[in-house]
Structures are given as structure tokens and as C-alpha cells.
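What follows is each chain in one-letter form.
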Amino acid sequence: MIKTALYPGSFDPITSGHVDIIKRSANLFDKLIIGIFKNSSKTKAWFSDEEKVEMIKEVLKNENINAEVKIFNGLLVDFISKEKVDILIRGLRALSDYEYELQFTLTNKTLAKSEFETIFLSASRKYLYLSSSLVKEIAQNYGDLRTFVPENVEKKLIEKVKQMEL
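Residues numbered from 1 in each chain as written. Predicted model: local features only at pLDDT ≥ 70, side-chain atom pairs only at ≥ 80, totals over all residues. Heavy atoms only, no water.

Residues I14, I22, I56, L60, I89 and L157 are the most contacted members of the largest nonpolar core, which totals 35 residues. Within the residue set of this core, elements represented by two or more residues are β1 (4–9), α1 (16–28), β2 (31–37), α2 (49–63), β4 (87–92), α5 (132–140) and α6 (151–165). Of all the elements, α2 adds the most residues to this core, at five residues. Contacts of L157, omitting those with residues within four sequence positions, involve P13, W46, F47, V135, A139, L145 and V149. F72, L88, F104 and F116 belong to the second-largest nonpolar core, a separate cluster that totals 12 residues. (Core = buried A, V, L, I, M, F, W, Y, C linked by side-chain atoms within 4.5 Å. Buried < 20%, exposed > 50% of the residue type's maximum accessible area, 1.4 Å probe, protein only. Helix = DSSP H or I, 4+ residues; strand = E, 2+ residues; numbered from the N terminus. Contact = heavy atoms within 4.5 Å.)

Before going further, it helps to spend a moment on the UniProt feature "site: Transition state stabilizer" (unreviewed entry) in the protein chain. As annotated in UniProt, the feature "site: Transition state stabilizer" (unreviewed entry) corresponds to H18 in the numbering used here. When you line up the elements, H18 lands in helix α1. H18 gets classed as buried once you look at its relative accessible area, which sits at 17%. Leaving out residues up to four positions away in the same chain, H18 has contacts with Y7, F11, P13 and S132. (UniProt positions renumbered as here; feature names shortened; annotations may be inferred.)

Here we come to unusual backbone geometry. A cis amide bond links D12 with the next residue in sequence, P13, at an omega value of 0°. Tracing the chain through its elements places P13 in the loop between β1 and α1. Phi at K84 is positive, roughly 55°, even though this residue is not glycine. Summarising the element assignment, K84 is placed in the loop between α3 (76–82) and β4. Unlike most non-glycine residues, Y142 shows phi in positive territory, near 60°.

Strand pairs in the sheet, formed through backbone hydrogen bonds, run parallel or antiparallel to each other. Pairing within the open sheet is parallel, and its five strands lie in the order β3-β2-β1-β4-β5. Each of the sheet's edge strands pairs with one partner strand only, and the pair in question is β3 (68–72) and β5 (117–122). Strand after strand, the sheet turns through a mean of 30° between neighbouring axes, direction not considered. Here β4 pairs with β5 via six bridges, running parallel. In the strand pairing of β5, L88 is matched with T118. Across the sheet, α1 lies against β1, β2, β4 and β5, angled at about 130° from β5, the strand it touches most. Sitting on the sheet, helix α4 (residues 95–111) touches β4 and β5, and the angle it makes with β4 is about 165°. (Pairing = 2+ DSSP bridges. Axes fitted to C-alpha atoms, helices over the stretch in contact; angles between N-to-C directions.)

What follows covers α2. The terminal C-alpha atoms of α2 lie 21 Å apart, and with 15 residues this matches the ideal 21 Å at 1.5 Å per residue to within 8%. Looking only at α2, the buried set comprises D49, K52, V53, M55, I56, V59 and L60. One side of α2 holds all its buried residues, which, seen down the axis, span an arc of 165°. Those residues of α2 that are exposed and aimed more than 90 degrees away from the buried face are E50, K61 and N62. Along its buried surface, α2 packs onto α1, β2, β3 and α6. Positive backbone phi, at 55°, marks N64, one or two positions downstream of α2. (Expected span 1.5 Å × (residues − 1). Arc of directions from axis to C-beta.)

The positions UniProt marks with the feature "binding site: substrate" (unreviewed entry) are S10, K42, L76 and R90. In this structure, L76 sits in helix α3. Excluding residues within four positions of it along the chain, L76 makes contact with L6, P8, F37, L88, F104 and N108.

What follows is the structure, given as C-alpha cells:
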């Protein structure tokens, strides 16, 4: 039986921490979908959905990771049902993430139209502090991004900051 896993997020932008979770997940499951929330409740996105897909696909190619990238709108549980997902993957950095993710998981189970399990993968030690918000802050202040994002994403961030200055 093929097990399909979904790793959803806003990925604005994808970070090295996200890539770490994606690599580890791709090794655990037969099929991995990276789902980009179309209408995330987070603050205004720096990148369009199409730019996010492009960046993620380039990372997957460069890292030789077998995964699909899909954009979705609406409730996560509807996307899970539509894609016949067996496993929902959520990354955890800190205790505060766990509290939020537990609430998120229990709500999803209540709303679910299909059966799936949620698996929490803890961030690798070197990415425990890393977030897309932190990466954007570093980019805005012309900091060195190499440790935090893949090379193609670093270039896009630098371009975006230059555009914002115009």
C-alpha cells in the first residue's frame, strides 16, 4: 500500500529548515506532496504562489528529492481528502509550536472528511530557531542568508529586497 504524505505551509520563502523536513519526509513515505496554502492567514506574502512553486521545484531538483508541489485553497482537510493523503507532516521547533500544532491537529480531526494521521517531525538542532519571518528580516537588513536558505532562494530574496526599495 502506497503511503502519501503532505507537508503543508506558506513557504514564504522556503528555508533550509523546511528543506530538512522535506528530505526526511521523502525518505519515510512513498509519495510526498508539498502543499502551499493559497490564502494563508499569515501577514502579506513576499512571493506569489507561482514564485513559491518555482523556488521549491528548483530546490527539489537541486537536492534530488522526489516530491510534488501543489497549491491549495480552503480547508486543509478538504485538500487532504482530495489528494487521498494518509499522513500529514508538521514540523516542530519549540514548545510553543507544539501547543499550536496540537490545537491545529485536533481541529483537523474534527473537520476531517477522510482518515489520516498527523506526524510531528522535530526540527534538526541547527534549524530550531529558523523561520521564514526571520529570513525576511535578515534579507531586509542585507544579512548573510547562505546558512538559512538554499542558493536559489537567497537570490530571489535579494531581488525582492531590491524591488521593495524602488
